[in-house]
Amino acid sequence: MSRTLIIAVLLLVLGNPSTHAGENVSATTSRRVHPMLIRNEAGALLEIVVNVPPNKDVRLQGMHFALDGTDDVGDIESLSVFATGDKQEFATAAPFGKPQGAAKAVAMRGDHMLSAGKNVFWLSCRLKPTAN
């Protein structure tokens with residue numbers, strides 16, 4: 001997988017129905033450029049940072065990813081998302097949803113209450129032992 005294009009779409013739900021979903025909530029993504037190794041249980045593909053203003057109750061209920069441009073989606077065994085709180089270091093202690101098989105479009109469902117400020121998530125993959 002030398003070339004990967006990943007697009008993330010977040011499904012946010014605000015606790016106060018009088019406000020619009022996503023109002024003043026922002027999300028950014030950044031992709032690390034490094035090789036994915038076959039025997040790693042998890043390899044960080046994409047960092048997703050969701051910034052929530054104070055005094056907002058926001059739940060993250062889903063993330064959608066498009067793997068258009070990936071050299072060979074068939075090299076991916078599974079995709080997972082992990083929450084790391086406000087820490088930007090990749091960690092696998094807090095999964096968001098269940099691991100999904102590889103496809104051109106992947107939907108990760110979960111239910112995660114977001115804190116005010118920075119909320120960091122990581123899209124991760126596990127490669128098949130036969131990956132090129």
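Everything here concerns the structure above.
Here goes a summary of the coordinates provided. Predicted model, so just to flag it, every value in this text is computed and none were measured. (Residues numbered from 1 in each chain as written. Predicted model: local features only at pLDDT ≥ 70, side-chain atom pairs only at ≥ 80, totals over all residues. Heavy atoms only, no water.)

**Digging into the overall build of the protein chain**
Secondary structure summary: the protein chain contains zero helices and eight strands in total. The N-to-C order of helical and strand elements in the protein chain reads β-β-β-β-β-β-β-β. For the protein chain, buried positions account for 36% of its 132 residues. Contacts in the protein chain between residues at least 24 apart in sequence constitute 76% of all its contacts with a sequence separation of at least 6. Only carbon and sulfur atoms are counted for the fraction: they give 51% of the accessible area of the protein chain, which is about 7300 Å². (Helix = DSSP H or I, 4+ residues; strand = E, 2+ residues; numbered from the N terminus. Buried < 20%, exposed > 50% of the residue type's maximum accessible area, 1.4 Å probe, protein only. Contact = heavy atoms within 4.5 Å. Areas by Shrake-Rupley, 256 points an atom, 1.4 Å probe, with all protein chains shown as cover.)

**Examining unusual backbone geometry**
With phi around 65 degrees, Asn 55 is a residue other than glycine that occupies positive phi space. Mapped onto the elements, Asn 55 comes out in the loop between strand E3 (43–52) and strand E4 (58–66). A relative accessible area of 84% means that Asn 55 is categorised as exposed.

**What about the environment of Asn 51?**
Note that Asn 51 resides in strand E3. When its relative accessible area of 30% is taken as the criterion, Asn 51 is described as partly exposed. Taking the C-alpha atoms as reference points, Asn 51 and Asn 24, 27 residues apart in sequence, are found 8.5 Å from one another. Setting aside residues no more than four positions away along its own chain, Asn 51 makes contact with Asn 24, Val 25, Ser 26, Gly 117 and Lys 118.

**What to know about the pattern of salt bridges**
In total, this model carries three salt bridges according to the counting rule given. A salt bridge links Arg 59 to Asp 111; the nearest nitrogen and oxygen atoms lie 2.8 Å apart. In this pair, Arg 59 sits in strand E4 while Asp 111 sits in strand E7 (residues 105–114), placing the two residues 52 residues apart along the sequence. By relative accessible area, which is 29% here, Arg 59 ends up partly exposed. The exposure class of Asp 111 is partly exposed, given its relative accessible area of 48%. Among the salt bridges present, the one from Asp 86 reaches Lys 87, with a minimum N-O distance of 3.3 Å. By relative accessible area, which is 46% here, Asp 86 ends up partly exposed. (Salt bridge = Lys/Arg side-chain N within 4 Å of Asp/Glu carboxyl O.)

**A short note on the pairing of strand E5 (residues 76–83)**
Of all eight residues making up E5, seven are buried, and the element is well covered by its neighbours. Across seven bridges, the pairing between E5 and strand E8 (residues 117–127) is antiparallel. Paired with Ser 78 across the two strands is Arg 126, which belongs to E8. As paired strands, E5 and strand E6 (residues 95–100) are joined by three bridges and run antiparallel to one another. (Pairing = 2+ DSSP bridges.)

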